[in-house]
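Architecture and fold: a report
Residues per chain, in single letters:
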Amino acid sequence: MNKFKKVTTNLLIAFAGAVIAVAVYSATIGKTKVVTVEEPSQPVQLTSLPSAPQGGVPDLTYAAEKSVHAVVHIQTMIKNQAYGGGSGNPFFDFFFGDRGGQYQQQQPQYTRASGSGVIISPDGYIVTNNHVIDDASNIEVILNDDQKYPAKVVGRDPNTDIALVKIDAKNLPYLTWGNSDALKLGEWVLAVGNPFNLTSTVTAGIVSAKGRAIGINAGKMPLESFIQTDAAVNPGNSGGALVNTRGELVGINTAIASRTGSYSGYSFAVPAAIAQKVVSDLKEYGEVQRAMLGVTIQKVTSQVAKEHDIDKIEGIYVNSVTDDGAAKHAGIKAGDVILKIDNTTVNTNPELMEQLGKRRPGDKVTLTIKRDGKLKQYEVTLRNTRGDTSILKESFSVLGAKFGAVSDQDMQRLQLNSGIQVDELSKGKLKDLGVKEGFIITEINKKPVSSVDDVKRALNQTEEGRPILIEGVYPNGQWAYYVFRVE
């Protein structure tokens with residue numbers, strides 16, 4: 001079954017006087033964000049345009065043949081485990097309070113999910129949507145030739161809805177990244193994926209808009225600048241490829257605009273420029289490095305232009321600059337209008353955010369600014385969320401460990417429903433606590449863990465200064481509990 005994710009209900013998104021429903025694919029059937037669509041009150045005025053020249057339709061067969069072998073079917077199992085009563089654990093009760101009652105562990109229940117992914121290297125790296133693999137306890141990748149491989153999560157980013165997984169394989173067909181910035185309105189593109197479990201499906205359409213923000217990403221600092229196309233995309237296409245006529249990967253299909261939960265004319269893809277940078281960060285740092293300008297902004301509209309005496313409706317108006325931000329340090333002031341980042345014109349907030357989303361803290365950009373009717377250029381060194389130019393390491397790295405899967409034999413022998421094994425230890429929290437190699441972590445803060453992604457999620461969801469309780473068992477059957485605080 002294909003799986004949908006209900007991001008929110010009754011979310012109204014206005015596009016050109018119309019309200020459009022947005023459906024985001026995830027992986028469980030029936031979970032779709034669907035909103036009633038209101039038609040425009042005024043009829044659309046049509047303009048006569050010259051017809052396309054004879055023979056002008058591009059040949060899409062090369063792009064289809066190239067991409068279909070590099071797009072995979074992703075099937076996941078979502079484990080739902082319920083716990084009742086108190087913990088029965090003195091460490092947990094001391095730090096989190098005695099809940100009372102007896103600790104009861106119920107048998108896990110599973111939900112099957114489905115989506116798509118794109119092979120981006122011959123050694124098995126695959127990019128997909130975060131919502132396709134989120135909460136998955138088991139991920140299986142099926143190639144176009146029906147070969148099946150278990151996959152591990154390398155990293156994920158809810159802010160862009162991009163995730164990276166890896167399979168143990170070599171000499172795989174793969175797609176190369178294309179230049180999504182160079183896409184033009186009206187350019188032909190193909191959407192490749194596995195809608196409704198119909199594997200290796202190719203649909204065609206054109207780029208109908210760029211720089212769309214539709215309010216669906218769930219991260220703390222969501223970044224949206226979608227490519228909008230009219231290529232048919234349906235449940236199961238999530239994480240699949242959007243390719244140009246040369247067979248280059250220019251986007252990752254993510255969402256649809258729909259009245260019914262199925263395709264109704266609009267689909268949205270994360271631009272390759274953003275996805276490629278996210279993937280690179282996840283491989284190198286374990287988390288995405290966000291470059292911050294340090295400004296609050298709004299699009300220059302006719303109302304904004306009138307209020308602030310701006311002579312032309314263009315660019316992005318700077319409402320304020322943060323004290324420790326990159327913009328203020330470079331000399332940019334409130335009231336300035338940003339026209340370009342390097343050589344790219346920006347006229348909407350998503351366009352500006354897309355350009356920043358391709359960069360890291362410490363990168364330098366040139367901003368073209370209009371101030372008092374005059375153009376000025378400023379070189380800005382972008383900063384991170386802390387206000388400096390350093391690369392931020394994820395909290396997961398403080399553990400100082402490499403993890404591996406627990407064997408089926410140990411899972412059965414120790415009667416475990418979840419677990420991830422400590423394969424190697426280096427300098428870090430676990431070694432300081434006295435954890436030994438071979439220790440099987442079953443829970444963190446009473447949440448079952450079965451993958452590296454589960455461990456990362458548990459750490460990231462713990463507030464700074466709060467205790468973290470790690471529970472588990474050694475292969476000899478000895479249970480152990482360790483506690484430390486997030487610093």
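Residues numbered from 1 in each chain as written. Predicted model: local features only at pLDDT ≥ 70, side-chain atom pairs only at ≥ 80, totals over all residues. Heavy atoms only, no water.

When you go through the chain residue by residue, the secondary structure sums to 10 helices and 30 strands. The proportion of buried residues among the 487 residues of the chain is 52%. Taking the intrachain contacts of the chain between residues at least 6 apart in sequence as the baseline, contacts between residues at least 24 apart amount to 63%. (Helix = DSSP H or I, 4+ residues; strand = E, 2+ residues; numbered from the N terminus. Buried < 20%, exposed > 50% of the residue type's maximum accessible area, 1.4 Å probe, protein only. Contact = heavy atoms within 4.5 Å.)

With that out of the way, let us pick up the confidence of the model for the chain. Averaged over every residue, the pLDDT of the chain is 82; the share at 70 or more is 80%. Between the elements of the chain, mean pLDDT differs from a low of 30, seen in strand 2 (residues 13-15), to a high of 98, seen in strand 16 (residues 241-243). Within the model, the stretch residues 1-54 combines pLDDT values under 50 with 127 contacts to residues more than four positions away or in other chains. A low-confidence stretch, residues 81-106 stays under pLDDT 50, and its non-local contacts, those more than four residues away or across chains, total 55 contacts. (pLDDT = per-residue confidence, 0-100.)

Tracing the backbone through its elements, the reader meets Thr203 in strand 14 (residues 201-212). At a separation of 2.7 Å, a polar atom in the side chain of Thr203 contacts the main-chain carbonyl oxygen of Ala232. When near neighbours in sequence (up to four residues on either side) are disregarded, Thr203 contacts Val189, Leu190, Ala191, Ala231 and Ala232. (Polar contact = N/O pair within 3.5 Å; in protein donor to acceptor, adjacent residues only side chain to side chain.)

A separate point is helix 4 (residues 272-285). Its 14 residues give helix 4 an end-to-end C-alpha distance of 19 Å, which sits within 8% of 20 Å, the value for a rise of 1.5 Å per residue. Burial analysis of helix 4 places 10 of its 14 residues in the buried class, the great majority of the element. Listed as buried for helix 4 are Ala272, Ala273, Ile274, Ala275, Lys277, Val278, Val279, Asp281, Leu282 and Tyr285. For helix 4, the elements touching its buried residues are strand 9 (125-129), strand 11 (148-157), strand 12 (162-167), strand 17 (249-257), strand 18 (266-271) and helix 7 (349-357). Directly after helix 4, the chain includes Gly286, whose backbone phi takes a positive value near 90°. (Expected span 1.5 Å × (residues − 1).)

Turning next to the pattern of salt bridges. Applying the stated rule across the entire model yields 15 salt bridges. The partner of Arg156 in a salt bridge is Asp134, and the shortest N-O contact between them spans 3.4 Å. Of this pair, Arg156 sits in strand 11 while Asp134 is found in the loop between helix 3 (130-133) and strand 10 (136-142), placing the two residues 22 residues apart along the sequence. Each member of the pair, Arg156 together with Asp134, is buried. With a shortest N-O distance of 2.6 Å, Arg360 and Asp281 are connected by a salt bridge. One end of the pair, Arg360, is in the loop between helix 7 and strand 23 (364-371); the other, Asp281, is in helix 4, with 79 residues separating them in the sequence. (Salt bridge = Lys/Arg side-chain N within 4 Å of Asp/Glu carboxyl O.)

Let's shift gears to the side chain of Asn194. Residue placement: Asn194 occurs in the loop between strand 13 (188-193) and strand 14. Here Val72 takes part through its backbone oxygen, which lies 3.0 Å from a polar atom of the side chain of Asn194.

Relative to the helices and strands, Ala213 resides in the loop between strand 14 and strand 15 (226-229). Taking the C-alpha atoms as reference points, Ala213 and Asn349, separated by 136 residues in sequence, lie 8.7 Å from one another.

Ile162 and Ala241 are the most contacted members of the largest nonpolar core, which totals 32 residues. Mapped by element, the contributors of at least two residues to this core are helix 1 (61-68), strand 9, strand 12, strand 13, strand 16, strand 17, strand 18 and helix 4. Not counting residues within four places of it along the chain, the set of residues in contact with Ala241 comprises Val71, Val118, Leu175, Leu190, Ala191, Val192, Leu249, Gly251 and Asn253. Core analysis: the next-biggest nonpolar cluster, separate from the first, contains 21 residues, Leu399, Ala401, Leu430 and Ile468 among them. (Core = buried A, V, L, I, M, F, W, Y, C linked by side-chain atoms within 4.5 Å.)

In this model, Asp161 sits at a positive phi of 60°, which is unusual for a non-glycine residue. In this structure Asp161 comes out as buried when scored by relative accessible area, which is 6%. Look at Ser200: it is not a glycine, yet its phi comes out positive at around 55°. Looking at where Ser200 falls in the secondary structure, it is placed in the loop between strand 13 and strand 14. Classification of Ser200 as partly exposed rests on a relative accessible area of 28%.

Our focus in this paragraph is the environment of Thr344. Within the secondary structure, Thr344 sits in strand 22 (residues 344-345). Taking the C-alpha atoms as reference points, Thr344 and Thr368, 24 residues apart in sequence, are found 9.7 Å from one another. Excluding its chain neighbours within four sequence positions, the residues that come into contact with Thr344 are Leu339 and Gln355.

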